[in-house]
Amino acid sequence: MKRAFIFSFIVAALAWSCEERFSDGEFAYSDIENNDTLLIPGAGTIGKKGIALRQSGSDWSAKVSSVKAHWHYSGTGKVSFKEPGNIDFVPMIEDSSALRKDDVEALWKMKNSGTLRYLIGFDRPDEITGADMTVSGAVALWPSLEQFEVPLGSPLCSDAEGAWMEDFMAQAGSQGLRVDYVSVQWMEGKDPEVFLSKLESIHQKYGLPIWVTSFTMSEARLSEVMPFMERVLPELESREYIFRYAWFSGEVNTPTALWDAFGGLTSRGAYYAGFHANDYISMGRDHWIDFASLVNLVVNPGFETGDLTAWDGYGIMIESEDVFSGDYAGRATITGWKSGSALNYTIPVESGGTFYISFAAKLTEEITGPEGFEGVAAVVTNGHDKQLQYFWFDPVSSTEWVTMTEQVEVPDTITSIRLAWWRARNSPELLLDDFFLAKID
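Throughout what follows, the structure given in this document is the object of discussion. (Residues numbered from 1 in each chain as written. Predicted model: local features only at pLDDT ≥ 70, side-chain atom pairs only at ≥ 80, totals over all residues. Heavy atoms only, no water.)

1. Notes on the packing of helix H5 (residues 192-206) against helix H6 (residues 222-238)
Next, step 1: Viewed as axis vectors pointing N to C, H5 and H6 meet at an angle of 20 degrees, and their least axial separation amounts to 10 Å. What the angle tells us is that H5 and H6 run roughly parallel. Crossing handedness for the pair H5 and H6: right-handed. Here Pro192, Glu193, Phe195, Leu196 and Leu199 of H5 lie close against H6, whose contacting residues are Phe228, Arg231, Val232, Glu235 and Leu236.
Next, step 2: Looking at the contact of H5 with H6 residue by residue, the class counts come to seven nonpolar, no polar and three charged. (Axes fitted to C-alpha atoms, helices over the stretch in contact; angles between N-to-C directions. Helix = DSSP H or I, 4+ residues; strand = E, 2+ residues; numbered from the N terminus. Parallel < 35°, antiparallel > 145°, perpendicular 65-115°, else oblique. Left-handed = near helix turned anticlockwise from the far one by under 90°. Contact = heavy atoms within 4.5 Å. Nonpolar A, V, L, I, M, F, W, Y, C, P; charged D, E, K, R; others polar.)

2. Points about helix H2 (residues 101-113)
Structurally, the α-helix is built with 3.6 residues per turn, so residues lying three or four positions apart point the same way.
Next, step 1: Look at H2: 18 Å from first C-alpha to last across 13 residues, which is about the 18 Å you get at 1.5 Å a residue.
Next, step 2: Lining the buried residues of H2 we find strand S3 (88-90), strand S4 (119-120) and strand S15 (389-392).
Next, step 3: Looking one or two residues past H2, Gly114 carries a phi angle of roughly 85 degrees, positive in sign. (Expected span 1.5 Å × (residues − 1).)

3. As for empty space enclosed by the protein
Next, step 1: What the largest cavity holds in volume is close to 50 Å³.
Next, step 2: Looking at the largest cavity, the residues that line it are Cys157, Ser158, Asp159, Ala160, Val184, Gln185, Trp186, Glu188, Lys198 and Ile202.
Next, step 3: The biggest single contributor to the lining of the largest cavity is strand S6 (residues 182-186), with three residues.
Next, step 4: For the lining of the largest cavity, the class distribution of residues is five nonpolar, two polar and three charged. (1 Å grid on protein atoms, 1.4 Å probe; cavity = no way out; pocket = protein on both sides within 12 Å on 5 of 7 lines; lining within 4 Å. Points joined across faces, edges and corners; volume = space filled by probe spheres on them.)

4. Some points on the packing of aromatic side chains
Next, step 1: If you walk through the whole model with that rule in mind, you get 29 aromatic pairs.
Next, step 2: Centre to centre, the rings of Trp108 and Phe148 are 5.0 Å apart; their planes meet at 50 degrees, and the pair counts as tilted. Linking Trp108 in helix H2 with Phe148 in the loop between helix H3 (135-146) and strand S5 (152-153), this pair joins segments that are 40 residues apart in sequence.
Next, step 3: Relative accessible area serves as the criterion here: at 29%, Trp108 is assigned to the partly exposed category.
Next, step 4: Joined through ring pairs, the aromatic side chains of Trp186, Phe195, Phe215, Phe228, Tyr245 and Trp247 make up one cluster.
Next, step 5: Against the face of Tyr272 rests Lys49, its NZ or CZ located 5.1 Å from the ring centre. (Phe/Tyr/Trp six-rings, centres within 6.5 Å; stacked < 30°, edge-to-face > 60°. Buried < 20%, exposed > 50% of the residue type's maximum accessible area, 1.4 Å probe, protein only. Lys NZ or Arg CZ within 6 Å of the ring centre and 35° of its normal.)

5. Let's talk about the pattern of salt bridges
Next, step 1: In this structure the tally under the stated criterion is 18 salt bridges.
Next, step 2: Taking the shortest distance from any N to any O, the salt bridge between Glu127 and Arg124 comes out at 2.9 Å.
Next, step 3: Relative accessible area serves as the criterion here: at 22%, Arg124 is assigned to the partly exposed category.
Next, step 4: In this structure, the salt-bridge partner of Lys190 is Glu224, at a minimum N-O distance of 3.5 Å. Here Lys190, found in the loop between S6 and H5, pairs with Glu224, found in helix H6; they are 34 residues apart in sequence, far enough to count as distant.
Next, step 5: For Lys190, a relative accessible area of 34% gives the class partly exposed.
Next, step 6: Several salt bridges share partner residues, and in doing so they unite Glu193, Arg231, Glu235 and Arg239 into one network. (Salt bridge = Lys/Arg side-chain N within 4 Å of Asp/Glu carboxyl O.)

6. A short note on unusual backbone geometry
Peptide bonds are, in most cases, trans, and in most cases residues other than glycine have a negative phi.
Next, step 1: One non-glycine residue, Asn86, lies in positive phi territory at about 65 degrees.
Next, step 2: Within the secondary structure, Asn86 sits in the loop between strand S2 (71-73) and S3.

Without other data, these values stay purely geometric and don't point to any function.
Encoded structure:
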């Protein structure tokens, strides 16, 4: 979620420790007012074990809390007000678009409040489906990460020993740029010895501590997961060059899932939760907001008037059979020659502040195309300048109704925001319902 070094695949005078902590050595722990637990008499040090989990769905905060993680990585630079207390959220700068003015301001807000402790570099810059950056482009942007003066994890490459990463580390070293940890993700197999050998190899190659941002097992049988965890987790804790690590849970009903369909811990989840547990983490804050006290700024949020008043776009209609609640929903449908669809809503808002947004969504069919299509895109933009983006939601990809929630920091100069969804041509139809937007701060 930083020290200058001279790079020749050897790092001189590297000051690091497996007992790395917050700046004052302990959790900046919450009190009763800001926490859902009892008053904590004293807080422990930050441990290695974390959790890699997106900030999406209605219960992600409770899931983070349930595994008793010390730190949380979601692959984004946005910290949520629903982040549990007494946990270190680590932002990632996904690509160059994550360094817009409002993103940088949000990071400085975290820095000034003492909650920005670390940063992780770009997300899969060596892949077309990732950040897709040139090495020279990433190196040129690296000072934008250094400005926050916190320890930095390297770009998270699909192959930490590949040519892209080698070139980046060489250029960073020759230019005196700060890289404190080599960021690694691993989802390549189910052999624990291969995984551990890979980490050792990366450490030997660069001479830096390893930050495992996410790891899991691919194509594993259920009977193989617990032996893998029991072999790997103690090694990650005991190896001094492993700075942090985080399990990446599979979907519900898959062997690597930490949670079941009801959000409870599976046997693997219970083992992970009990392993070097953060006993000071607060309960999840999924329902932390008193919604009864908030004013929904969306007019006709559930389409219950039976029309699309206040909405605009193309290829949209009213749905009265498959709805999330009430009598109606919105449908972004296939029209004419299977063109795409768009649904937009521009809302006047009080200038500046933090806004909470939620909506229900689903696709009518499984995703089969077009190539590269991950789901329907949703974005929050400036209502006047549609190119000024504030936030991208995760793509809508489920064929079951899901509630998606986010918080958005809106600059003081903005008096309207725009919610927008785009459905690609030749893709499944999209259903939307129960919009909610309110200022919370």
